[in-house]
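Notes for the structure review
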Amino acid sequence: MNEEYRPSTDFVSRVMKNVYEYEKSKISFIEWLVIHPSIRYLVLGIGALMGIFKTVPAF
């Protein structure tokens, strides 16, 4: 039990590489909303309807 524990020389770089890969793989809720196709089409449709209803009284 006199031996001192010595981690491998590249221990920190391996762990940080895994951390960076994990952080890169995560996606935030806001990014998901912007990327998701059905949400984009929903926003586009609502914008189109609002534009139509705003212009109807002008005629």
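Conventions and cut-offs
Residues numbered from 1 in each chain as written. Predicted model: local features only at pLDDT ≥ 70, side-chain atom pairs only at ≥ 80, totals over all residues. Heavy atoms only, no water. Helix = DSSP H or I, 4+ residues; strand = E, 2+ residues; numbered from the N terminus. Buried < 20%, exposed > 50% of the residue type's maximum accessible area, 1.4 Å probe, protein only. Lys, Arg positive; Asp, Glu negative; His and termini not counted. Charge placed at Lys NZ, Arg CZ, Asp CG, Glu CD. Salt bridge = Lys/Arg side-chain N within 4 Å of Asp/Glu carboxyl O. pLDDT = per-residue confidence, 0-100. Phe/Tyr/Trp six-rings, centres within 6.5 Å; stacked < 30°, edge-to-face > 60°. Patch = residues over 30% accessible without salt bridge, like charges linked within 9 Å, V, L, I, M, F, W, Y side chains within 5 Å. Areas by Shrake-Rupley, 256 points an atom, 1.4 Å probe, with all protein chains shown as cover.

Regarding the overall build of the chain
Across its full length, the chain carries 3 helices and 0 strands. When the helices and strands of the chain are read in sequence order from the N terminus, they spell out α-α-α. The principal-axis extents of the C-alpha atoms in the chain amount to approximately 90 × 15 × 15 Å. In the chain, which comprises 59 residues, the proportion classed as buried is 0%. On the chain, the mean spot of the 7 positive side-chain charges and the mean spot of the 6 negative ones are 14 Å from each other.

What about the pattern of salt bridges?
By the definition in use, this model includes 2 salt bridges. Ionic pairing is found between D10 and R14, a salt bridge with its closest N-O pair at 3.5 Å. Judged by its relative accessible area of 44%, R14 is partly exposed. Between K26 and E23 there is a salt bridge, and its shortest N-O distance comes to 3.6 Å. Exposure remark for K26: the relative accessible area of 43% places this residue in the partly exposed category.

A closer look at the confidence of the model for the chain
Across the chain, pLDDT averages 85, with 93% of residues at or above 70. Of all helices and strands in the chain, the one with the weakest mean pLDDT is helix α2 (residues 29-35) (81), whereas helix α1 (residues 11-25) scores best (90).

Here we look at the packing of aromatic side chains
Enumeration over the complete set of coordinates arrives at 1 aromatic pair. When the ring of F29 is compared with that of W32, the centres are 5.9 Å apart and the planes differ by 25 degrees; the resulting orientation is stacked. Pair noted here: F29 and W32 are both in helix α2, with a separation of 3 residues, about one helical turn.

Some points on a nonpolar patch on the surface
On the surface, F11, V12, V15, M16, V19 and Y20 cluster together into a nonpolar patch covering about 540 Å² of accessible area. Counting through the fold element by element, Y20 comes out in helix α1.

Section: the environment of Y20
A relative accessible area of 55% means that Y20 is categorised as exposed. With 23 residues separating them along the chain, Y20 and V43 place their C-alpha atoms 33 Å apart.

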